[in-house]
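Each chain is listed here by its residues.
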Amino acid sequence: MSADASTARPRRAGYLAPAAQRGGIGGTLLDHAKKRRPRGLDLHVFQQNTGARRFYERHGFTLVAEDDGGGNEENLPDAHYRWRP
């Protein structure tokens, strides 16, 4: 885990291998994250990752903003999502 110096917030990346998807693991991990952050979560996902975007939207996240990707290592357009209880 590393912290973004400008916000002092933890930054983490998480991915499930395609073979592990659609088996409930992602939802379980997300439920665990929500319990650890009961006031809410923010995350970023690549805009082209429509499967991940649908997953987060199904789990109550809302789109906050879309970006050109200039702020991520891959320089790929991303989407900022937020969950609040």
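Look up a bit, the structure's there.
What you see is a predicted model; the values in this text were computed from it and never measured.

Chemist: Explain the overall build of the chain here, please?
Modeler: Along the chain, the regular secondary structure elements total two helices and five strands. Listing each helix as α and each strand as β along the chain from the N terminus yields β-β-α-β-α-β-β. Out of the 85 residues in the chain, the part that is buried amounts to 24%. In the chain, the proportion of contacts linking residues at least 24 apart, taken out of those at least 6 apart, comes to 48%.

Chemist: Is there a simple way to explain helix α2 (residues 50–58) in this structure?
Modeler: Each α-helix turn comprises 3.6 residues. Residues three or four places apart therefore point the same way. Those residues of α2 lying buried are Ala52, Arg53, Phe55 and Tyr56. Looking straight down α2, one finds its buried side chains confined to an arc of 160°; they lie on one side. Packed against the buried residues of α2 are α1 (25–36), β3 (41–46), β4 (62–67) and β5 (78–83). Once α2 ends, the next one or two residues include Gly60, with phi positive near 90°.

Chemist: Would you mind going over the packing of aromatic side chains with me for this structure?
Modeler: The description of an aromatic ring pair uses the distance of the two centres, along with the angle that the planes make with each other. Going through the model one piece at a time under the given rule, you end up with two aromatic pairs. When the ring of Phe55 is compared with that of Tyr56, the centres are 5.2 Å apart and the planes differ by 75°; the resulting orientation is edge-to-face. Tyr56 matches Phe55 in its accessibility class, with the two residues each being buried. Plain terms: the ring middles of Tyr56 and Phe61 are 5.4 Å apart, the flat faces sit at 70° to each other, and that makes the pair edge-to-face. Classification of Tyr56 by relative accessible area gives buried; the value is 18%. Among the aromatic residues, those joined into a ring-pair cluster are Phe55, Tyr56 and Phe61.

Chemist: Can you walk me through the side chain of Arg53 in this structure?
Modeler: Position of Arg53 relative to the elements: it lies in helix α2. What makes Arg53 buried here is its relative accessible area of 14%. When residues no more than four places from it in sequence are discounted, the contact partners of Arg53 are Val45, Phe46, Gln47, Leu63, Glu66, Ala79 and Tyr81.

Chemist: It is not clear to me how the pairing of β3 should be interpreted in this structure. Could you clarify?
Modeler: Regular strands have side chains that alternate between both faces of the sheet. Side chains Leu41, Leu43 and Val45 project from β3 onto a buried face, and the interleaved Asp42, His44 and Phe46 project onto a face without burial. Bridging between β3 and β5 involves six bridges; their strand directions are antiparallel. Residue pairing in the sheet places Asp42 in a bridge with Arg82 of β5.

Rules used throughout
- Residues numbered from 1 in each chain as written.
- Predicted model: local features only at pLDDT ≥ 70, side-chain atom pairs only at ≥ 80, totals over all residues.
- Heavy atoms only, no water.
- Helix = DSSP H or I, 4+ residues; strand = E, 2+ residues; numbered from the N terminus.
- Buried < 20%, exposed > 50% of the residue type's maximum accessible area, 1.4 Å probe, protein only.
- Contact = heavy atoms within 4.5 Å.
- Arc of directions from axis to C-beta.
- Phe/Tyr/Trp six-rings, centres within 6.5 Å; stacked < 30°, edge-to-face > 60°.
- Pairing = 2+ DSSP bridges.

Purely spatial values, then, with no claim about function.
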